[in-house]
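Observations on the model geometry
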Amino acid sequence: MLKTTTLAMILAGGRVDELDVLTYGRPKSALPFGGFGRVIDFPLSNLMNSEIEQVAILSQYHSYSLINHIGTGAAWDMLGRHRGISILPPFIGSTHKDWYRGSADAVHKNIDFVQFHDPEHILILSGDHIYHMDYDHMIRYHQERDADLTMALIHISPEEAHRFGVATISDEDGARGGRVLEYWEKPESSQAEWASLTVFCFKPQVLYQMLQFNQGQRSFEFGRDIIPYMMRAGYKIYGYKFCGYWGYTRTVNEYWQSNMDLLGEKPLIDIENWGFRTNLDHRDIRDFQPTIVGDYGTVTNSLIYNGCRIEGTVRNSVLFPGVEIGRNTLVEDSVLFFNNVVGHNCTLTKVVADVNTYYGDHVQIGAGGKSSGVTVIGWNNDVPDQTTIGHGATIWPELNDACWKKKVKAGEVLR
């Protein structure tokens, strides 16, 4: 077989508590995004556009949705004799008897897969961030500096440092990057202004050594364990500066905002120019009929995908295929996943709604103004007629009739 120059390992098994009911039955990487795609489509599209065609996806939490979405890998042209996407779930064997205990442990448990491909570089990526990057530029920088590890970094304010792995770097390569001088993982306070995007390029032999060393420790994470150890041991670590859009999407508000960043005349997320790809066979997206906007329907500054039927008003919103909006209904500043059906005379403001929910007539959700919190509706619900749900409330998936009440207060969790 042709030698694989770069092997990419995507970390895609996490749930993320902050996204609450949206990751109730799927990992964050499989979360619908942008009207027809999934979050993991961004790193996969980046890999495809960077001509990196051997990819492994490390899955764990509720893998079905992710596996179904990836399919054969053909959506990203990763299907052939020398290219492909392999999904690597946890397994048991003579030496492996646990779930993945962390990101580094997940890669270690699949080290035979990595060594079989014998790559010159190993790229380890988070599967749940929104960004557009040509990884080839970073790999070339990694080669030029003969680094043991190169990590992608983005500029942040020091006030945000407690949320990320953060670093200080030298100025030796100006806008391209520099040697990592210090590194902290989610420090309580720090003046560091460069945050890790969880995009790492390793020399294979260095990675093998680090993973083996890490097995003797109590924690198994790249950011918390591997990188701090490499810093202490004096390994050659470089930071590659990334200056584009980065959607962290770890909280509901961040996820909602990233969707809103798709809108406007000059959207911050330019899916078409980014060369974004998704699997249109998943949920039969390609088979939906064209969208119908009825005589009373109006759409302003929104993304509406095929299979929708609009009889009311949609403003500043993202609607996935199969969404229906009834007469005299207003949907504003909202993201409605596949097959939400909204009745007549309703108002939905700043709502993120998971799939397959029916809203009766005269339902009011999320009143409270644009500065209020995002209201989240879990999947497979039937919201009764004349229900009022306050802003920032959370509705758990699959509630039975007895759970519903006429008024859900702002910020309340209904389960």
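Calculation notes
- Residues numbered from 1 in each chain as written.
- Predicted model: local features only at pLDDT ≥ 70, side-chain atom pairs only at ≥ 80, totals over all residues.
- Heavy atoms only, no water.
- Buried < 20%, exposed > 50% of the residue type's maximum accessible area, 1.4 Å probe, protein only.
- Helix = DSSP H or I, 4+ residues; strand = E, 2+ residues; numbered from the N terminus.
- Contact = heavy atoms within 4.5 Å.
- Pairing = 2+ DSSP bridges.
- Salt bridge = Lys/Arg side-chain N within 4 Å of Asp/Glu carboxyl O.
- Phe/Tyr/Trp six-rings, centres within 6.5 Å; stacked < 30°, edge-to-face > 60°.
- Lys NZ or Arg CZ within 6 Å of the ring centre and 35° of its normal.
- 1 Å grid on protein atoms, 1.4 Å probe; cavity = no way out; pocket = protein on both sides within 12 Å on 5 of 7 lines; lining within 4 Å.
- Points joined across faces, edges and corners; volume = space filled by probe spheres on them.
- Nonpolar A, V, L, I, M, F, W, Y, C, P; charged D, E, K, R; others polar.

1. Some remarks on helix 8 (residues 252–260)
Taken residue by residue, helix 8 has Val-252, Tyr-255, Trp-256, Ser-258, Asn-259 and Met-260 as its buried positions. Those residues of helix 8 hidden inside the fold are in contact with strand 2 (32–33), strand 14 (246–247), strand 20 (318–319), strand 23 (335–336), strand 26 (351–353) and strand 29 (375–377).

2. Observations regarding the sheet that holds strand 29
Adjacent strands of a sheet form backbone hydrogen bonds with each other and so pair up, either parallel or antiparallel. Strand order in the open sheet formed by seven strands is 17-20-23-26-29-32-34, with parallel pairing between adjacent strands. The outermost strands of the open sheet, each flanked by one partner alone, are strand 17 (303–304) and strand 34 (413–414). Note that strand 23 and strand 26 share two bridges and pair parallel. By the bridge assignment, Val-335 is partnered in strand 26 with Val-352.

3. So, the pattern of salt bridges
As enumerated under the stated definition, the model contains 16 salt bridges in all. Here Arg-176 ties to Glu-144 by a salt bridge, and the two come within 2.7 Å at their closest N and O atoms. Taken together, the residues span a long stretch of sequence, with Arg-176 in the loop between strand 10 (165–169) and strand 11 (177–185) and Glu-144 in helix 5 (residues 135–144) at a distance of 32 residues. Owing to a relative accessible area of 52%, Glu-144 belongs among the exposed residues under this scheme. Here Arg-163 and Glu-254 are joined by a salt bridge, their closest N and O atoms 2.5 Å apart. On the criterion of sequence distance, the pair formed by Arg-163 in the loop between strand 9 (149–155) and strand 10 and Glu-254 in helix 8 is long-range, its members being 91 residues apart. Residue classification places Arg-163 among the partly exposed residues on the basis of a relative accessible area of 22%. By sharing partners, the salt bridges in this structure join Arg-101, Asp-105 and Lys-109 into a single network.

4. Description of the environment of Leu-19
In this fold, Leu-19 is placed in the loop between strand 1 (6–11) and strand 2. You can call Leu-19 buried: its relative accessible area is 0%. Expressed as a C-alpha distance, the spacing of Leu-19 and Gly-37, which sit 18 residues apart in the sequence, is 18 Å.

5. Considerations on the packing of aromatic side chains
In total, this model carries 23 aromatic pairs according to the counting rule given. Between Tyr-131 and Tyr-135, the aromatic rings sit 6.4 Å apart at their centres with planes inclined by 65°, giving edge-to-face as the arrangement. Taking the centre distance of 6.3 Å and the plane angle of 80° together, the rings of Tyr-255 and Phe-337 count as edge-to-face. Remark: Phe-337 occurs in the loop between strand 23 and strand 24 (341–342) and Tyr-255 occurs in helix 8; sequence separation between them is 82 residues. By the burial criterion, Tyr-255 is buried, and Phe-337 matches it. Three or more aromatic residues joined by ring pairs make a cluster, and in this case those are Phe-33, Phe-36, Phe-42, Tyr-245, Tyr-255, Trp-274, Phe-276, Tyr-305, Phe-320, Phe-337 and Phe-338. Here Arg-101 stacks its cationic end above the ring of Phe-220, 4.0 Å away from the centre of that ring. Seen from the ring of Trp-396, Arg-415 lies directly overhead, with NZ or CZ sitting 3.9 Å from the centre.

6. As for empty space enclosed by the protein
Scanning all chains against the criterion turns up one cavity of 30 Å³ or more. Considering only enclosed or pocket space, the largest cavity measures out at about 30 Å³ in volume. Lining the largest cavity, in full, are Phe-42, Ser-45, Asn-46, Asn-49, Tyr-131, His-132, Trp-274 and Phe-276. Tallying contributions element by element places helix 1 (residues 41–49) first for the lining of the largest cavity, with four residues. Taken together, the residues of the lining of the largest cavity break down into four nonpolar, four polar and no charged.

7. Considering the pairing of strand 12 (residues 194–202)
For strand 12, the tally of buried residues reaches eight of nine residues, placing the bulk of the element in the interior. Where strand 7 (residues 121–126) and strand 12 come together, four bridges link them in antiparallel fashion. The partner of Leu-123 across the bridge, within strand 12, is Cys-201. Across six bridges, the pairing between strand 9 and strand 12 is antiparallel. Pairing of Met-151 across the sheet is with Phe-200, part of strand 12. Bridge count between strand 10 and strand 12: two bridges; the pairing is antiparallel.

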